[in-house]
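Chain and residue survey
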Amino acid sequence: MSAPALPSLFISHGSPMFALLPGIAGPALRQLGETLPRPRAIVVMSPHWMTRSPEVLSGPAPETIHDFGGFPAELYTLSYPAPGAPGVAAEVIGLLGRHGIPAVANDRAGRDHGAWVPLMHLYPEADIPLLQVAQPATRSPEVVLEFGRALAPLREQGVLLIGSGSLTHNLYELRRGDEHADAYATAFADWIWNAIEAGDIEALLDYRRQAPEAVRAHPTDEHLLPLYFAIGAAGKDWQQAARIDGGVTNGVLSMDSFAFGSHATAGSEAAPLAA
């Protein structure tokens, strides 16, 4: 009897300081990782690696990229030395191609912080092969949704698919060290979750017009688009969803994450899940 499909995940990675300051989101992700069936590989889409033509990270040992500035020196010493997965990269390229999305391998790029920072909490041992698929340089949620749908079969083959972004992401209003949540950030996060619970994909795709304070929550929308990758990757099971409470950091960054599909509630005893 084959194992159940893994869920797909949307993870809010917030600021790079999430690597050093886990808050409540870090332990929740670690407990989720301990509860889920162990993947044979992990595929991440992050807005910190965007390309106009689809690319897949295929190197056997991609380096840890510190693609940020102005943070404490300790942050630049961190490494996430998980092995690459050239074989899985080939599978990803094949599935994208069969879905009408021609992609090429990139064996030179490293892993950006959207991939390695949240994985430091989810799988801190860094012993599961990890690769990335570049986020398409688009403002269309529908385009990103199709990337997820193309890769959905991998979930039945032991591959964990993750969209890593941020549920809210207004860096203009960021207040480092301030844990008081602005009401608009909470209202936006709740609206997204309510639409997921309702199975209202049309509203989610039209979030920029329908969600409260959408443009304020996302002056640019690249950090929300990985949510649609995760939804697409869950296939028809995307409404089997769980919300993993991550709180709000720096005043405006909602750190909530979502699990979609089979095993979506696997961490319900370990990770705080919001109703």
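Residues numbered from 1 in each chain as written. Predicted model: local features only at pLDDT ≥ 70, side-chain atom pairs only at ≥ 80, totals over all residues. Heavy atoms only, no water.

1. A look at the overall build of the protein
Within the protein, the regular secondary structure consists of nine helices and 13 strands. Against the compact-globule benchmark of 19 Å for 275 residues, the protein has a radius of gyration of 17 Å, which places it among compact chains. For the protein, the spread of C-alpha atoms along the principal axes amounts to about 45 × 45 × 40 Å. The buried share of the protein, reckoned over its 275 residues, is 57%. Considering only contacts within the protein whose residues lie at least 6 apart along the sequence, 82% involve residues at least 24 apart. Carbon together with sulfur atoms contributes 53% to the accessible area of the protein, which is approximately 10,900 Å² in total. Side-chain charges in the protein split into 17 positive and 29 negative, and the spacing between the mean points of these groups amounts to 4 Å. (Helix = DSSP H or I, 4+ residues; strand = E, 2+ residues; numbered from the N terminus. Rg over C-alpha atoms; globule rule 2.2 N^0.38 Å. Buried < 20%, exposed > 50% of the residue type's maximum accessible area, 1.4 Å probe, protein only. Contact = heavy atoms within 4.5 Å. Areas by Shrake-Rupley, 256 points an atom, 1.4 Å probe, with all protein chains shown as cover. Lys, Arg positive; Asp, Glu negative; His and termini not counted. Charge placed at Lys NZ, Arg CZ, Asp CG, Glu CD.)

2. Some words on the side chain of S58
Here S58 shows up in the loop between β4 (55-57) and α2 (86-98). In this view, S58 contacts P86, A89, A105, N106 and D107; residues no more than four positions away in its chain are not counted.

3. So, the side chain of H218
Along the chain, the position of H218 falls in the loop between α8 (214-217) and α9 (226-233). Discounting residues that sit within four places of it in the chain, H218 has contacts with S166, L167, T168, H169, F188, Y207, R208, H223 and L224.

4. A word on the pattern of salt bridges
Applying the stated criterion to the full structure yields 10 salt bridges. A salt bridge links R38 to D127; its shortest N-O distance comes to 3.4 Å. Residue R38 is located in the loop between α1 (25-35) and β2 (41-45), and its partner D127 is located in the loop between α3 (113-122) and β6 (130-132); the two are separated by 89 residues in the primary sequence. Assessed through its relative accessible area of 54%, R38 is described here as exposed. Judged by relative accessible area, which is 38%, D127 ranks as partly exposed. Taken together, the shared-partner salt bridges in this structure form one network comprising D190, R243 and D256. (Salt bridge = Lys/Arg side-chain N within 4 Å of Asp/Glu carboxyl O.)

5. Digging into the environment of S58
What makes S58 buried here is its relative accessible area of 12%. Measuring from C-alpha to C-alpha, the distance between S58 and V133 comes to 9.3 Å, with 75 residues separating the pair along the chain. Separated by 3.5 Å, the side chain of S58 and the backbone nitrogen of D107 make a polar contact. (Polar contact = N/O pair within 3.5 Å; in protein donor to acceptor, adjacent residues only side chain to side chain.)

6. Quick notes on α9
Side chains three or four residues apart in an α-helix point the same way, a direct result of the helix having 3.6 residues per turn. Of all the eight residues making up α9, eight are buried; the element is thus mostly covered by neighbouring parts of the structure. Within α9, the full set of buried residues consists of P226, L227, Y228, F229, A230, I231, G232 and A233. Following α9 by one or two positions, G235 adopts a phi angle in the positive range, close to 60°.

7. Some points on the environment of M17
Tracing the backbone shows M17 in the loop between β1 (8-12) and α1. With near-sequence residues (within four places) excluded, M17 lies in contact with F71, P72 and L75.

8. A short note on α1
For α1, the full list of buried residues reads A25, G26, A28, L29, L32 and G33. What you see down the axis of α1 is that its buried residues fit within an arc of 165°, all on one side. At its buried positions, α1 is contacted by β1, α3, β9 (241-244) and β12 (257-260). (Arc of directions from axis to C-beta.)

9. Quick word on the layout of surface pockets
There is about 190 Å³ of room inside the second largest pocket. The wall of the second largest pocket is formed by 13 residues, among which S15, P16, F71, H169 and L171 lie closest to the centre. Looking at side-chain class alone, the lining of the second largest pocket contains five nonpolar, seven polar and one charged residues. (1 Å grid on protein atoms, 1.4 Å probe; cavity = no way out; pocket = protein on both sides within 12 Å on 5 of 7 lines; lining within 4 Å. Points joined across faces, edges and corners; volume = space filled by probe spheres on them. Nonpolar A, V, L, I, M, F, W, Y, C, P; charged D, E, K, R; others polar.)

10. Some thoughts on the packing of helix α4 (residues 141-151) against α9
Contact geometry for α4 and α9: axes closest at 6 Å, N-to-C directions at 35°. The element α4 and its partner α9 pack so that their crossing is right-handed. Residues P141, V144, L145, F147, G148, R149 and L151 of α4 touch α9, and the partners they reach there are Y228, F229, I231, G232 and A233. For the contact of α4 with α9, the class distribution of residues is nine nonpolar, two polar and one charged. (Axes fitted to C-alpha atoms, helices over the stretch in contact; angles between N-to-C directions. Left-handed = near helix turned anticlockwise from the far one by under 90°.)

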